[in-house]
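Topology and contacts: notes
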Amino acid sequence: MLSDKSKSYLNLHLIVFIWGFTAILGALISLDALPLVWYRMLFAVVFIGIYIIYKKIDFKLDRLTLLKFLLAGFIIAMHWFTFFKAIKVSNVSITLACLSTGAFFASILEPIFYKKRIVPYELLLGFAVIIGLYIIFKVEVKFINGIFLALFSAFLSALFAVINSQFVKKHNSTIISFYELIGGVVFFSFFLFISNSFSLEFFQVSMNDLMYLFILSSICTAYAFIESTRVMKFLSPYTVMLTINLEPIYGIILAVIIFKEKEKMSFEFYIGALIILFTVLINTLIKSRKTKIKETQ
């Protein structure tokens, strides 16, 4: 029988594969980044709300906890916005490769937030990711805007993972996801309202886009969001972020298969991507060895 930690790690890989497909959907959907994220969160709230009612889960919270979840929702909403914007101004491969810096950001943020000592090998692996990205930057300068957007998205993703890792210790992952997504919808709705973006054209969505949004909001958001929050009960934010580095690998392979020539990059780009994959494999081996040592003690 697999332990809860092992099950969570395998489940995390499935989630990361789904997230890799999220980038493909982002490229297929014709909507701009902001309305895309707004629709994604709104539909996901509906799906999770139905699940909460079906499972009869208590969703009452005190005001302070509710406020924390809503604010965290703003962070994840901004992460998704910058992520999809990066895809629109560059491509899937560049955006996903840059997201791998999330592990480096997490290795810095976690000790700051929770006063833990910095683990040297985590920083080394984080720097290895940076080296991989440096190789990519050298040969893909034309995508500089997408690179910076994706890097900011990676930082927000790491920040969200560190914050959420504390929430899951006290609260149901479904409830956390529900209110965080509501927070994202509320913040973006306010911005869209004051910028007069809620026009007739805004709500005219093609059938193709609606189909992709349905997949994006149900499988890639509602399911993956709840499960990614739940696995944080058993895995550290750093392990979560470093495993997410596989998202570029899954996504890039899918992008090349689906979009063909549009996503084919230089040889150096793939060298950088392989360095990223290598850091994930090293982390897996180190974590596995540490677990075995603890079990034998």
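Residues numbered from 1 in each chain as written. Predicted model: local features only at pLDDT ≥ 70, side-chain atom pairs only at ≥ 80, totals over all residues. Heavy atoms only, no water.

**Focus: the overall build of the chain**
Which entries qualify depends on this criterion: Only DSSP runs of H or I covering at least 4 residues are called helices, and only runs of E covering at least 2 are called strands; the numbering of each starts at the N terminus. Every radius of gyration here is taken over C-alpha atoms, with the globule rule written as 2.2 Å times N^0.38, N being the number of residues. Contacts are assigned to residue pairs with any non-hydrogen atoms lying within 4.5 Å of each other.
The helix and strand tally for the chain stands at 12 helices and zero strands. Beginning at the N terminus, the succession of helices and strands in the chain can be written as α-α-α-α-α-α-α-α-α-α-α-α. In summary, the chain has a C-alpha radius of gyration of 19 Å against a globular reference of 19 Å for 297 residues, a match within 12%. For the chain, the spread of C-alpha atoms along the principal axes amounts to about 60 × 50 × 35 Å. For the chain, the proportion of contacts with a sequence separation of at least 24, taken over those separated by at least 6, is 89%.

**Looking at the layout of surface pockets**
If a probe the size of a water molecule is rolled over the atoms, the empty space left behind becomes visible. Going by this rule: Within this scheme a cavity is a closed region of a 1 Å grid, computed over the protein atoms alone, that accommodates a 1.4 Å probe without allowing it to escape, whereas a pocket is open but has protein on both sides within 12 Å along at least five of seven lines; lining residues each have an atom within 4 Å of a point. Grid points are joined across faces, edges and corners, and a volume is the space filled by probe spheres set on the points. In this count, Pro and Cys sit with the nonpolar residues alongside Ala, Val, Leu, Ile, Met, Phe, Trp and Tyr, while Asp, Glu, Lys and Arg are called charged and the others, Gly among them, polar.
Quantified by volume, the second largest pocket comes out at close to 190 Å³. Around the second largest pocket, the lining residues are Phe-47, Ile-48, Tyr-51, Thr-174, Ser-218, Ala-222, Tyr-223, Ile-226 and Glu-227. Put simply, the parts of the chain that give the lining of the second largest pocket at least two residues each are α2 (33–55) and α9 (207–231). Per-element accounting of the lining of the second largest pocket gives the leading share, five residues, to α9. For the lining of the second largest pocket, the class distribution of residues is six nonpolar, two polar and one charged.

**So, unusual backbone geometry**
Short version of the rule: Only protein chains enter the area calculation, which uses a 1.4 Å probe; residues under 20% of their type maximum are buried, those over 50% are exposed, and those in between are partly exposed.
Non-glycine residue Lys-56 carries a positive phi angle of around 55°. Relative to the helices and strands, Lys-56 resides in the loop between α2 and α3 (63–89). On the basis of relative accessible area, Lys-56 is assigned to the exposed category, the value being 76%. Even without glycine at this site, Asn-196 takes up a positive phi of about 55°.

**What about the packing of aromatic side chains?**
Spelled out, the test is: Working definition: a ring pair exists when centres of Phe, Tyr or Trp rings (six-membered ring for Trp) sit within 6.5 Å. Plane angles under 30 degrees give stacked, over 60 give edge-to-face, the rest tilted.
Applying the stated rule across the entire model yields 19 aromatic pairs. Judged by centre distance (5.3 Å) and plane angle (85°), the ring pair of Phe-269 and Tyr-270 falls under edge-to-face. Every member of this aromatic cluster is reached through a ring pair, and the members are Trp-38, Tyr-39, Phe-43, Phe-198, Phe-202 and Phe-203.

**What about helix α11 (residues 246–259)?**
Stated formally: To estimate how far a helix should extend, the number of its residues minus one is multiplied by 1.5 Å.
Taking 1.5 Å of rise per residue, the 14 residues of α11 would be expected to cover 20 Å, and the 20 Å separating its terminal C-alpha atoms lies within 8% of that figure. Of all the positions in α11, only Leu-246, Glu-247, Pro-248, Ile-249, Gly-251, Ile-252, Leu-254, Ala-255 and Phe-259 are classed as buried. One or two residues past the end of α11 sits Lys-260, with phi positive at roughly 55°.

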